[in-house]
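The primary structure of each chain is shown beneath.
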Amino acid sequence: MVIIERYAAEKHREPIRRLLEKIGWAAQYVDAGPLTLDTLDAQPLNARIYIAEQDDELAGWIAIEFRNWNRLAQIQGLAVDPSLHRQGIATQLVRQAEQFAQERGARGVYVDTPVSNQRGRKFYEAAGYKQDYVMTAYYEEGLDGVTYVKFFQNSTKNQLGNPGYTCIE
Ligand SMILES: CC(C)(COP(=O)(O)OP(=O)(O)OC[C@H]1O[C@@H](n2cnc3c(N)ncnc32)[C@H](O)[C@@H]1OP(=O)(O)O)[C@@H](O)C(=O)NCCC(=O)NCCS
């Protein structure tokens, strides 16, 4: 398994759509996934998409966006092919995303997921994220969103000269 930094819309858009369909996401989220990635890909300074590949096939992906105003980064999507779950792929993708956030000088990372996504919630808890708040009907009527957050501990200066942070485990 390799993780590459470069999202190539022409190469990855369709495999990402298929992966989201395989996972069983509703059509509107399957459609939104690649659109979000295209938008993030256009802002390389503050966003990054990491692609996990196995045998040249898409194994998973993560997208992260850093916001300068509050120095927090948001995971904008994370998925791993169901045939490859529980092999540590998401853990590696999140690690890469957190490293990107730290390099930008982020104070921490947060992520929203449906309250019903037990698998995703267990994963984020295992990755050291703490449940923060639940927002009613965040996704749609009757589907609340839950936000998980991990703040970093202050450490050295980053590449931009901002204070850098290391993860609180
Ligand atoms: C959530 C998801 C990304 C996890 O990917 P993964 O590559 O299987 O995760 P990892 O193998 O790195 O799991 C690391 C740890 O998280 C926890 N975890 C992951 N999946 C879990 C599950 N289904 N049930 C309970 N714990 C789970 C475990 O502690 C696991 O360690 P272990 O396997 O040694 O017990 C994957 O299930 C997925 O793509 N789900 C659909 C999309 C989604 O929910 N995305 C995240 C929310 S937006």
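Cut-offs used in this document
Residues numbered from 1 in each chain as written. Predicted model: local features only at pLDDT ≥ 70, side-chain atom pairs only at ≥ 80, totals over all residues. Axes fitted to C-alpha atoms, helices over the stretch in contact; angles between N-to-C directions. Helix = DSSP H or I, 4+ residues; strand = E, 2+ residues; numbered from the N terminus. Parallel < 35°, antiparallel > 145°, perpendicular 65-115°, else oblique. Left-handed = near helix turned anticlockwise from the far one by under 90°. Contact = placed C-beta atoms within 7 Å. Nonpolar A, V, L, I, M, F, W, Y, C, P; charged D, E, K, R; others polar. Buried ≥ 20, exposed ≤ 12 C-beta atoms within 10 Å, placed from the backbone. Expected span 1.5 Å × (residues − 1).

This part takes up the packing of helix α1 (residues 9-23) against helix α2 (residues 27-41). Viewed as axis vectors pointing N to C, α1 and α2 meet at an angle of 150°, and their least axial separation amounts to 9 Å. For the element pair α1 / α2, the angle class is roughly antiparallel. Once α1 is placed against α2, the crossing between them reads as right-handed. Between α1, through A9, R13, I16, R17, L20 and E21, and α2, the contact on the second element is made entirely by Y29, V30, G33, P34, L37, D38 and D41. Taken together, the residues that form the contact of α1 with α2 break down as seven nonpolar, one polar and five charged.

Here the focus is the environment of I64. Following the sequence through the fold, I64 ends up in strand β3 (residues 57-67). Accessibility expressed as a C-beta count within 10 Å gives 28 for I64, which makes it buried. C-alpha separation for the pair I64 and V94, spaced 30 residues apart in sequence, amounts to 9.1 Å. Setting aside residues no more than four positions away along its own chain, I64 makes contact with A47, R48, A73, I75, Q76, A97, F100 and A101.

Glancing now at the environment of G33. Within the fold, G33 resides in helix α2. G33 gets classed as buried once you count the C-beta atoms within 10 Å, which come to 22. In this structure, the C-alpha to C-alpha distance between G33 and A63, residues 30 residues apart in sequence, is 9.9 Å. If we skip the residues at most four places from it in the chain, G33 touches I16, R17, L20 and G77.

This part covers helix α3 (residues 89-104). Here α3 spans 23 Å end to end across 16 residues, near enough to the 22 Å set by a 1.5 Å rise per residue. Residues of α3 that are buried include every one of I89, A90, L93, V94, A97, E98, F100, A101, Q102 and R104, and no others. One or two residues past the end of α3 sits G105, with phi positive at roughly 95°.

Turning our eyes to something else, we now look at unusual backbone geometry. With phi around 50°, R71 is a residue other than glycine that occupies positive phi space. Structurally, R71 is set in the loop between β3 and β4 (72-80). Residue class for R71 comes out partly exposed when judged on the 17 C-beta atoms lying within 10 Å of it. Despite not being glycine, A137 has its phi angle at roughly 55°, a positive value. Tracing the chain through its elements places A137 in strand β6 (residues 130-140).

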